[in-house]
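# A structural walkthrough
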Number of protein chains: 2
Amino acid sequence: MTGHNAPMDQLHRFTLADVAREHARSHPLADAAVDGDVRLTWPELDERSSRLANAFGDLGVRRDDVILWTGQNSHRVLETLLAAAKLGAVCCIANWRQSADELAFVISDSVPKVIIWQEAEVGEVVASARELAHDGGAVWVRHDTEGAGSYEALVASGSPIDPAQDIDSGAAVLMLYTAAFTGRPSGALLSHDAVLTQALMMAMLQEIDADYRYLNSGPLFHVATAMTTFATLLMGGCNLFTPRVEADEVCRVIATERCTGAFLMGPTIDQILEANAGGAYDLSSLRTFPGKPEWNAMITIDTSPWARRPAGFGQTEVMGMLTFNAMGEGATGTAGRPSPMVAVRIMDPDGNEVPPGETGEIVARGPQVMVGYRNRPEETARRQRGEWHHTNDLGRREPDGSITFVGPKGRIIKSAAENIYPAEVEAALNSHDAVRESAVIGVPDEAWGQSVTAIVVTHDGIEVTTEELIDHVRDKIASYKKPKVVIFSDEPLPRLGWPIDYDTLDELHGGGGYPGVG
Amino acid sequence: MTGHNAPMDQLHRFTLADVAREHARSHPLADAAVDGDVRLTWPELDERSSRLANAFGDLGVRRDDVILWTGQNSHRVLETLLAAAKLGAVCCIANWRQSADELAFVISDSVPKVIIWQEAEVGEVVASARELAHDGGAVWVRHDTEGAGSYEALVASGSPIDPAQDIDSGAAVLMLYTAAFTGRPSGALLSHDAVLTQALMMAMLQEIDADYRYLNSGPLFHVATAMTTFATLLMGGCNLFTPRVEADEVCRVIATERCTGAFLMGPTIDQILEANAGGAYDLSSLRTFPGKPEWNAMITIDTSPWARRPAGFGQTEVMGMLTFNAMGEGATGTAGRPSPMVAVRIMDPDGNEVPPGETGEIVARGPQVMVGYRNRPEETARRQRGEWHHTNDLGRREPDGSITFVGPKGRIIKSAAENIYPAEVEAALNSHDAVRESAVIGVPDEAWGQSVTAIVVTHDGIEVTTEELIDHVRDKIASYKKPKVVIFSDEPLPRLGWPIDYDTLDELHGGGGYPGVG
């Protein structure tokens, strides 16, 4: 599947398994993971992952086989990942919040050898998914219990001797399903190199070292949470887990464990402010983004490069961030500059680099790029054509070299010889004060192949003419991209969930004649 | 030679050549290199390295061929390295301070296709070396001139089109000769992966970003200088060059170019204090180590992890540092903890890991490790046996996981089944107040194979007995390592330059019966 697990040069090997092996030696007395009453030193985490790897091996798990985690956050996710790393297998962390139908799809699609599940919180969904799915005879292991058939029994059954296999650091070790805009999700296979390279970047930009204590209060099936988890792992810090993100529990763990980092969204911060209004919890160890004055008084304001200039452009298929504002915000670019270990190009559909100022697809190359999608040879070939990873997202190089994220690529309209990306025209339309939302389609045109039609929904009570909108677009982007026809709609745009339903718009407004997908 | 330059997976490739290609796009307006009157932006540096690569190709340089730089520091070292990177060739930076004999050895030994030299300062030595060496028909190119046959003419002759070859990041791109304690120096071949991994670590620990401006005031043929040069290159900062490290010139460049970093040794700092006593130069941009009060008032005190806890253990063969104090000083360890991307073990001569507290050879694995020594298959095999790089240095894991550097490995004495490292016994002896210097040899012993004899030179006028010294050693290290015989010598120990001449001591005192080299 991955095509990478051939014998490699072991002298230059460094894998996720080696991270655990090294910290077991370099930090023999330090916490590696804390999860409720469970507290594991590095030697304990390393040995438990060896036991688990050997137990997986006894169950028939071989190289490139998938072990599926369907539970909430737990130190056992780290153990499972490290066990997979020691075997050359792949740990897939599934979304435990998804429906039984969705989980059943992941089970059937990933063809796991072992499925780790839990009863608490998600037992019903898992049971329904198990009935719906084709699990291919996978071994089901419950982790939130003890005794025969449990995860803990499995760990105890395995030999503590490190399997010490020769694993290629370019082989997949992690799989994360990506939220496709339309159609079925795909499992992105991410290599040791991808996880470690991204982890180094996050460690550098978040100033993570062996003293870092990261509360995993975001979901581990999201790359945005996991990249900091792995940075903490790589640098020998401590990962702390809590299955539920409740304000009092989060405050308790931060205060008692002196956490230095956590993944906190706005609503959680508001709940914490309420829960800790009396100052019962000492949260001063937490280095994080500033916010309301009472929040700033409670925490330590993070001054790391990441905190000073957060975000950038990224996606699961590159194991997180491809560009960082912390690598240099541009005068006009919105996504900063590329991570130092990736090559980034803006390309037209023919695979030619476009000059600064022009919009094209963001493509990338380097160790962070996924191995491919599991069991999707055609989609993988499409995304990796020409030896570049195609992000399916549009971007632009600004004259100062910084990058602007334009929007998802979607379809291409071809007018004369020119490629027109609907997302770019929509962004220009949406920047007009009168426009609430817009969609752009291509209509067959005898002279030019296609012409641009815009469907526009205006804000209530704001008047705008077709000419005004066309002029507005022409001020923003190249003239050939401007709509020829603007259709004003009183109805909201049809959507498939969040994405716009372009097929319906084509049917309603005569769209068609699109070029083949590049 | 390197065995690596086979076609590789280009989707995941990232090489030193890619660094220049990326920064040309991401930092099109920024300085990449400044050298006297020469000021190159990233697009200029990238294009000049493409021209040079193509010109080298026209001269017959192919993959794994060596281009030898014999001049002082210059922006052209960077260009030559990047040109080599684009071709899959190897840039060797020779020591311009060495004698004509030594340089002749390097020329004959490295078998370069092209030799770049300069007339200023080192013209005479180079001319003598050229007469003494077998240069194998190498093309000689002078860089500190213009016109036919010059470096600048060569650059101008090459096509500006990037050769864009598919280069394996595991292949050698840099060669640095290492100072062997005895015998001939060897050229360590360092890969793109090695250079980039070490550069990432230095960028992280020295807090180097695209705004960093590094004055290359240390010699680039030393890895200790070069690792910061490459960190600056990788992060898109600016490297500044000056051929001579003279206080006024260093001050002028720092002040006018607002340098943020420089490689400054103690004597240079003293000269700067004198040259800038009147405050003529504004050196406040320089972030560096604190020193005398007047120095601290002149510069900005560096608070990076590297500055707060500098040094560690390293060597040219791992492209710099293997361990860093900044990764966690131990209670007793002297060399901190390993870099996060290397595996480190303490091994006995049979290739078994020794437990914490015991001395053995420091061995390593990971992307930083050299490809091998050029044209030294036997020494390479010896240093890379068992798929671990053997550093030839002794170390110890402390109980807290930190590492202590004990000393160079040298010979091994075998007494009963035990390995005894002379360096370890000598360190114990030397820690006694009475001892000025000591050397330990093995003497054939019918019962035990060998027994330990120490030759000791005491400080003038301090008395000490054999029994006192043996007791002292037994207090410090395992009892079986203590000397059986102590010979007091009134003469300094015989030395071959700096290293002790053990063969002479063996002859004088009956040494012999050493086990075969492991």
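Since we're looking at a predicted model, the values are computed, not measured.

Conventions adopted
- Residues numbered from 1 in each chain as written.
- Chains lettered and ligands numbered in written order.
- Predicted model: local features only at pLDDT ≥ 70, side-chain atom pairs only at ≥ 80, totals over all residues.
- Helix = DSSP H or I, 4+ residues; strand = E, 2+ residues; numbered from the N terminus.
- Rg over C-alpha atoms; globule rule 2.2 N^0.38 Å.
- Buried ≥ 20, exposed ≤ 12 C-beta atoms within 10 Å, placed from the backbone.
- Contact = placed C-beta atoms within 7 Å.
- Pairing = 2+ DSSP bridges.
- Least-squares fit on C-alpha atoms with pLDDT ≥ 70 in both.
- Domains from an automatic or database assignment.
- Nonpolar A, V, L, I, M, F, W, Y, C, P; charged D, E, K, R; others polar.
- Axes fitted to C-alpha atoms, helices over the stretch in contact; angles between N-to-C directions.
- Core = buried A, V, L, I, M, F, W, Y, C linked by C-beta atoms within 7 Å.
- Expected span 1.5 Å × (residues − 1).
- Parallel < 35°, antiparallel > 145°, perpendicular 65-115°, else oblique.
- Left-handed = near helix turned anticlockwise from the far one by under 90°.

On to the overall build of chain A, then. The number of helices and strands found in chain A is 16 helices and 26 strands. Against the compact-globule benchmark of 24 Å for 518 residues, chain A has a radius of gyration of 25 Å, which places it among compact chains. For chain A, the spread of C-alpha atoms along the principal axes amounts to about 70 × 55 × 45 Å. The buried share among the 518 residues of chain A stands at 53%. Residue pairs at least 24 apart in sequence account for 66% of intrachain contacts in chain A once pairs closer than 6 positions are excluded.

Let us look at the sheet that holds strand β11 (residues 261-262) of chain B. Residue and element names in this part refer to chain B. Taken in spatial order, the 5 strands line up as β2-β1-β10-β9-β11 in an open sheet, and their pairing is mixed. Looking at the sheet topology across the chains shown, the edges are occupied by β2 (38-41) and β11. Note: strand β1 (residues 31-35) against strand β10 (residues 238-241), 3 bridges, orientation parallel. Paired with Ala-33 across the bridge in β10 is Asn-239.

Okay, the relation of the copies chain A and chain B next. By a simple turn and slide, chain A fits onto chain B: the slide is 0.0 Å along the axis, the RMSD is 0.2 Å, and the turn is 180 degrees. In symmetry terms, the pair is related by a two-fold rotation axis. No C-alpha of chain A approaches the rotation axis more nearly than that of Met-204 of chain A, which lies at 2.6 Å. Both copies present the same face, since 100% of the interface residues in chain A are matched by interface residues at the equivalent positions in chain B.

Residue and element names in this part refer to chain A. By the assigned domains, chain A splits into domain 1 (10-193), domain 2 (317-408) and domain 3 (413-509). Between the C-alpha centres of domain 2 and domain 3 there is a distance of 25 Å. Of the residues lining the interface, 7 residues belong to domain 2; the matching set on domain 3 comes to 5 residues. The greatest single-element share of the side of domain 2 that touches domain 3, amounting to 3 residues, is contributed by strand β21 (residues 403-408). Each residue belonging to the side of domain 2 that touches domain 3 can be placed in one class, and the counts come to 4 nonpolar, 2 polar and 1 charged.

Here we come to the interface of chain A and chain B. By a frequent convention, interface size equals the accessible area lost on bringing the separate parts together. Listed per partner, the contact involves 40 residues of chain A and 40 residues of chain B. Elements with a minimum of two residues in the side of chain A that touches chain B: α1 (16-26), α7 (192-206), α8 (223-235), β16 (337-338) and β20 (389-397) of chain A. Counting residues per element, the side of chain A that touches chain B draws most heavily on α1 of chain A, which supplies 5 residues.

Residues and elements named next belong to chain A. Looking at where Asp-65 falls in the secondary structure, it is placed in the loop between α2 (42-58) and β3 (66-69). For Asp-65, a count of 19 C-beta atoms within 10 Å gives the class partly exposed. When the C-alpha atoms of Asp-65 and Ile-403 are compared, they prove to be 38 Å apart, with 338 residues separating the residues in sequence. If we ignore the near neighbours within four places in the chain, the residues touching Asp-65 are Ala-89, Val-90 and Lys-113.

All names here are of chain B. The mixed open sheet is built from 7 strands, whose spatial order is β6-β5-β3-β4-β7-β8-β19. The open sheet has two edge strands with one neighbour each: β6 (139-142) and β19 (372-373). As paired strands, strand β7 (residues 172-178) and strand β8 (residues 186-191) are joined by 6 bridges and run antiparallel to one another. Counted as the bridge partner of Ala-172 is Ser-191 from β8. Sheet strands touched by helix α7 (residues 192-206): β7 and β8. Its angle to β8, the strand with the most contacts, is close to 75 degrees.

Formed by 311 residues in total, the largest nonpolar core has its most connected members in Val-90, Val-173 and Leu-190 of chain A together with Val-90, Val-173 and Leu-190 of chain B. Non-local contacts of Val-173 of chain A, meaning those with residues more than four positions away in its chain, are made with Leu-16, Ala-84, Ala-85, Val-90, Cys-91, Leu-190, Ser-191, His-192 and Val-195 of chain A.

Residue and element names in this part refer to chain B. Within the secondary structure, Gly-410 sits in the loop between β21 (403-408) and β22 (413-415). C-alpha separation for the pair Gly-410 and Met-370, spaced 40 residues apart in sequence, amounts to 21 Å. What Gly-410 contacts, discounting residues up to four positions off in sequence, is Pro-422 and Ala-423.

Here we come to α7 of chain A. Residue and element names in this part refer to chain A. Taking 1.5 Å as the rise per residue, α7 with 15 residues should run 21 Å; its terminal C-alpha atoms sit 21 Å apart, in good agreement. Buried residues dominate α7, accounting for 15 of its 15 residues. Downstream of α7 by one or two residues, Glu-207 has phi in the positive range, about 55 degrees.

Residues and elements named next belong to chain A. Axis separation between α1 and helix α3 (residues 75-87) bottoms out at 7 Å; the angle between their running directions is 110 degrees. It follows that α1 is roughly perpendicular to α3 by the angle criterion. Both α1 and α3 take part in a crossing whose hand is left-handed. Contacts between α1 and α3 pair Leu-16, Ala-17 and Ala-20 from the former with Leu-81, Leu-82, Ala-85 and Lys-86 from the latter. For the contact of α1 with α3, the residue count by class is 6 nonpolar, no polar and 1 charged.

To continue, consider the packing of α2 of chain A against α3 of chain A. All names here are of chain A. Between α2 and α3, the shortest axis-to-axis distance is 8 Å and the interhelical angle comes to 60 degrees. When the axis of α2 is compared with that of α3, the two are oblique. Every pair of crossing elements has a handedness; the one defined by α2 and α3 is right-handed. The residues of α3 that touch α2, namely those facing Leu-45, Arg-48, Ser-49, Ser-50, Leu-52, Ala-53, Phe-56 and Gly-57, are Leu-78, Glu-79, Thr-80, Leu-82, Ala-83, Lys-86 and Leu-87. Each residue belonging to the contact of α2 with α3 can be placed in one class, and the counts come to 8 nonpolar, 4 polar and 3 charged.

To continue, consider helix α14 (residues 422-430) of chain A. Taking burial as the measure, the 9 residues of α14 of chain A include 7 buried ones, the bulk of the element. By the burial criterion, the buried members of α14 of chain A are Pro-422, Glu-424, Val-425, Glu-426, Ala-427, Ala-428 and Leu-429 of chain A.

The next thing to look at is unusual backbone geometry. Residue and element names in this part refer to chain A. Not every positive phi belongs to a glycine, and Asp-64 is a case in point at roughly 70 degrees. Mapped onto the elements of the fold, Asp-64 is located in the loop between α2 and β3. Unusually for a residue other than glycine, Asn-392 sits at a positive phi of about 70 degrees. Tracing the chain through its elements places Asn-392 in strand β20. Overall, the presence of 18 C-beta atoms within 10 Å leaves Asn-392 in the partly exposed class.

A few words on the pairing of β1 of chain B. Residues and elements named next belong to chain B. Of all 5 residues in β1, 4 are buried; the element is thus mostly enclosed. Note that β1 and β2 share 4 bridges and pair antiparallel. Residue pairing across strands places Asp-35 opposite Val-38, the latter belonging to β2. Linking two consecutive strands that pair antiparallel, namely β1 and β2, is a turn of 2 residues; a positive phi of about 60 degrees is found at Gly-36 within it.

This part covers the environment of Leu-394 of chain A. Residues and elements named next belong to chain A. In this structure, Leu-394 sits in strand β20. A residue is classified by how many C-beta atoms lie within 10 Å of it, and Leu-394, with 22 of them, is buried. Taking the C-alpha atoms as reference points, Leu-394 and Pro-349, separated by 45 residues in sequence, lie 11 Å from one another. Beyond its immediate chain neighbours, meaning those up to four positions away, Leu-394 contacts Thr-359, Gly-360, Glu-361, Ile-362, Val-406, Gly-407, Lys-409, Tyr-421, Ala-423 and Glu-424.

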